[in-house]
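# Observations on the three-dimensional arrangement
Chain by chain, the residues:
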Amino acid sequence: MPYVKTSVRTTRSGKVRYLQLAHNEWDPAAQRSRTRILHNFGREDEIDKDQVRRLVSALSRMLDPAEALAASEPGELSVTASRPVGGTHALDRLWRRLGLDKAVRKTLARRRLNPDTERVLFALVANRALAASSKLAAAEWACDDVHIDGLDATTDDACYRAMDHLLAIEPLLAEQAYFQVTDLLSLEVDLLFFDTTSTYFETEAADEDIPRNACGEPVPPGSQDTAGEAGFRTNGNSKDSRPDLPQVIVGMAVTRDGIPVRVWSWPGNTADSGLIRQVKQDLRQWVLPKVIWVADRGFTSEENRRALMRGGGGYIIGEKLRSGSPDVKAALSRQGRYKEVRDNLQVKEVRLGDDDHDRFIICYNPDQAERDAAIRARLVAQLEEIIEGTDALTAAERGRTEGTLAGKPGLKRFLRVTPAGLLRIDKAKIKAEENLDGKYLLRCSDPHMTTEDIALGYKQLLEVERGWRDMKQVIDLRPVYHRREDRIRAHVILCWLALLLMRVAENETGRPWNRIRAELQRQHAVTWTGPAGTFRQATDLTKPQRDLYTALSIEPPKKILALEPASTAS
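Chains are numbered independently. Their residues run from 1 in the order of the written sequence. Predicted model: local features are reported for residues with pLDDT of at least 70 only, side-chain atom pairs are reported and counted for 80 or more only, and whole-chain, interface and lining totals are derived from all residues. Computation of side-chain values: all heavy atoms of the structure, hydrogens and water removed.

## Observations regarding the overall build of the protein chain
When helices and strands are tallied, the protein chain shows 19 helices and 20 strands. We compute the radius of gyration over the C-alpha atoms and compare it with the globule rule, which gives 2.2 Å times the number of residues raised to the power 0.38. A compact globule built from 570 residues would reach a C-alpha radius of gyration of about 25 Å, whereas the protein chain, at 34 Å, exceeds it by more than 25%. Structurally, the protein chain occupies a C-alpha span of about 130 × 50 × 50 Å along its principal axes. Each residue gets one of three labels from its accessible area relative to the maximum for its type: buried under 20%, exposed over 50%, partly exposed in between, using a 1.4 Å probe on protein chains only. Of all 570 residues assigned to the protein chain, the portion counted as buried reaches 44%. Looking at the protein chain alone, contacts between residues at least 24 apart form 62% of all its contacts between residues at least 6 apart. Put simply, the protein chain shows about 29700 Å² of open surface, and 48% of that area lies on carbon and sulfur atoms. Counted charges follow a simple rule, with Lys and Arg positive, Asp and Glu negative, and His plus the chain ends left uncounted. The atoms used to mark charge sites are NZ of Lys, CZ of Arg, CG of Asp and CD of Glu. One finds the centroid of the 85 positive side-chain charges in the protein chain at a distance of 3 Å from the centroid of its 83 negative side-chain charges. In DSSP terms, a helix is any run of H or I states spanning at least four residues, a strand is any run of E spanning at least two, and both are numbered starting from the N terminus. The contact rule is simple, with two residues in contact once any of their heavy atoms fall within 4.5 Å. Areas reported as accessible are Shrake-Rupley estimates using a 1.4 Å probe. Residue values count occlusion only from the protein chains shown.

As structure tokens, then:
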């Protein structure tokens, strides 16, 4: 076994000690042990300690760090920390696979910003997916509660600077993510789904109105691009049943596989009608192949349909059955037989006019028809109870009873007022509603898609709604802890990036994110500390964890995540 050999020489100035790394070898011929010098360190008082440290470090790599630290200096090792590593590791590898790390770093180099900004941005995205919290809490979470490769420490100020940069580079990241997702995961992107939602703020004070362009972005006062004035957090048509609170509108484009490819945000009073035109304009620079846009009834205007057809595109859009438009009336009045498709869905195609005209697909779900009939019967019963005995009231009293139904459109729909001012159940309206039970109407511009593909394609719009649920319940789109418009927009982008990584993980593993997250977060990074230093080591993989990494095509975390020798006084 090698050892340090000390030899002493006497000089005019006194005794001098020399150090050598030696090893005893057995000499068979002489039948005795001989000393072999492996390395000369020189005089003890002139020893190159940096050289010794490099030698020790090189030798330590041949050992498990726990063995190396224990061998370098006596003393017991103690566990000083344990934090999850599996979730951040998997998300980090997906982040890198999509090329988002390189895209961010490229913009940082151009602007001479801190290269750690990329790691901070990833930490904020991972926080939304794993343990959503405020940016102040996210900084503490990244430093103390999880292991993130390449990020030992950060601050809330660094988080805010990273968010400011994210807002500027969002279009680049969206394009990078889109084409990487389609190439690496071989996604079908002939259908793109678009929908909007709203998210409210726990404050009664709406933002002050400022000039904005047609895209809802702030512009300087007097700008030629001004299209109106609005506050960002302002009251509007709430989709969260909170019309009393200021809100913002958020839109999202999603592939047929549920992958969100881009997100937008607008002032809270923005109407849905024209938003999809802006979305298509923003994506025009991506040079997409022919894409069929799928959207709900709020986007069915003729101007929207013309915009979606430009550049060889197309659409599948829901039509409002009760709109009263000539096309809807004609489509619903046509006779024909329904064809059964999967998922308890029946479809019937109606052609109006020549072959260049839109195709109308009537979809019918028997189960939904029963639910619609039951709901209507309950509403009619409530209405009968309200108007019972009103014939004996004065005209003014009957008017007040009718007025109480103003905020209950479901009930007022079936109310009829006679020429004499009496309140009655509208049986003709009930009959008309019976004809709509379980039905919805689609308008499609593509002449080649089958009726089944059109109906099932529209049904996949539920993927966007599932995305909204995850954004609000898992990623915590709200509550939003920011007041400034730019920070709110950046917060929405962080939520989108987290949902993007979650959906990629779900598609590759075939498991819901909550199960993936729970299993991976059980793998920990354990910190050991001893007299000779500190190292962080990943726990051994369980079979479910190994299966997840295999499904994701990701190498598990390396055994030793960090190694820091104790500082040595010179």
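## As for the pattern of salt bridges
Here, a salt bridge means any side-chain nitrogen of Lys or Arg that lies within 4 Å of a carboxyl oxygen of Asp or Glu. Within this structure, the stated rule accounts for 39 salt bridges. Residue E433 pairs with R322 through a salt bridge whose shortest N-O separation is 2.7 Å. With E433 in helix α14 (residues 427–434) and R322 in the loop between β11 (314–319) and α10 (326–333), the pair connects residues that are 111 residues apart, well separated along the chain. According to the relative accessible area criterion, E433 is buried, its value standing at 5%. Assessed through its relative accessible area of 49%, R322 is described here as partly exposed. For E485, the salt bridge goes to R489, with nearest N and O atoms at 3.0 Å. Residue E485 and its partner R489 are located together in helix α17 (residues 485–509), separated by four residues, close to a single helical turn. R489 matches E485 in its accessibility class, with the two residues each being buried. Here the residues in one salt-bridge network are D92, R93, R96, D101, R105, E118 and R119, joined through shared partners.

## Quick word on the sheet that holds β11
Spatial strand order, β9-β8-β5-β10-β11-β17-β14-β13-β12: nine strands in an open sheet with mixed pairing. At either margin of the open sheet sits one strand with a lone partner, and together these are β9 (260–267) and β12 (339–341). Looking at each pair of strands side by side, their axes are set apart by 25° on average, direction ignored. When DSSP finds at least two bridges between two strands, those strands are taken to pair. In the sheet, strand β5 (residues 191–200) pairs with strand β8 (residues 247–255) via nine bridges, with the strands oriented antiparallel. Paired with L192 across the strands is T255, a residue of β8. For helices, the fitted line uses only the C-alpha atoms of the stretch in contact; every axis is such a line through C-alpha atoms, and the angle between N-to-C directions lies from 0 to 180 degrees.

## Points about the packing of aromatic side chains
Any aromatic ring pair is given by two values, namely how distant the centres are and how the planes are angled relative to each other. Pairing of aromatic rings covers Phe, Tyr and the six-membered ring of Trp, with a centre-to-centre limit of 6.5 Å; geometry is then stacked below 30 degrees between planes, edge-to-face above 60, and tilted otherwise. Within the structure shown, the criterion is met by nine aromatic pairs. With 5.0 Å between their ring centres and 90° between their planes, Y178 and F179 make a pair best called edge-to-face. What makes F179 partly exposed here is its relative accessible area of 28%. For the ring pair F179 and W286, a centre distance of 6.3 Å and an interplane angle of 55° mean the geometry is tilted. On the criterion of sequence distance, the pair formed by F179 in helix α7 (residues 156–184) and W286 in the loop between α8 (275–283) and β10 (292–295) is long-range, its members being 107 residues apart.

## Quick word on the packing of helix α4 (residues 100–111) against helix α5 (residues 116–131)
It is the contact of α4 with α5, at a shortest axis distance of 9 Å, that shows an interaxial angle of 140°. The angle between α4 and α5 falls in the class oblique. Viewed along their axes, α4 and α5 form a crossing whose handedness is right-handed. Together, D101, V104, R105 and L108 of α4 and T117, E118, R119 and L121 of α5 make up the contact between the two elements. Any angle that falls under 35 degrees is termed roughly parallel, while one over 145 is termed roughly antiparallel, one within 65 to 115 roughly perpendicular, and all others oblique. Should the near helix be turned anticlockwise from the far one by less than a right angle, the crossing is termed left-handed; should it be turned clockwise, right-handed.

## Examining helix α9 (residues 302–309)
Among all positions of α9, only N304, R305, A307 and L308 are buried. Projected down its long axis, α9 carries its buried residues within an arc of 160°, all on one side. In this structure, the buried residues of α9 make contact with α8, β10, β11 and β17 (439–444). One or two positions beyond α9, positive phi appears at G311, with a value near 75°. In this description, one arc is meant: the one made by directions from the helix axis to the C-beta atoms.

## Quick notes on the sheet that holds strand β2 (residues 14–27)
Hydrogen bonds along the backbone pair up the strands of a sheet, which may run parallel or antiparallel. With respect to topology, three strands assemble into an open sheet ordered β1-β2-β3, the strand pairing being antiparallel. This sheet does not close on itself; its edge strands, each paired only once, are β1 (3–11) and β3 (32–43). Averaged over all pairs of adjacent strands, the angle between strand axes in this sheet comes to 40°, irrespective of strand direction. Relative to β3, β2 runs antiparallel, the two being bridged by ten bridges. Within the sheet, the bridge partner assigned to W26 lies in β3 and is S33.

## Thoughts on helix α11 (residues 366–387)
Helix span, expected: 1.5 Å multiplied by one less than the number of residues in the helix. The terminal C-alpha atoms of α11 lie 32 Å apart, and with 22 residues this matches the ideal 32 Å at 1.5 Å per residue to within 8%. When we look at burial in α11, the residues that qualify are A369, R376, V380, L383 and I387. An end-on view of α11 places all buried positions within 60° of arc, on one side of the element. Those residues of α11 that are exposed and aimed more than 90 degrees away from the buried face are E370 and E385. Where the residues of α11 are buried, they touch β14 (359–364), α13 (409–412), β15 (415–417), β16 (423–425) and α14. Within 3.5 Å is the distance limit for a polar contact, defined as a pair of N or O atoms, with the added protein rule that one can donate a hydrogen and the other accept it, and that residues adjacent in sequence qualify only through two side-chain atoms. Its side-chain oxygen placed 3.0 Å from the backbone nitrogen of D367, N365 serves as the N-cap of α11. Note on α11: the residue one or two positions beyond its end, G389, has a positive phi of about 80°.

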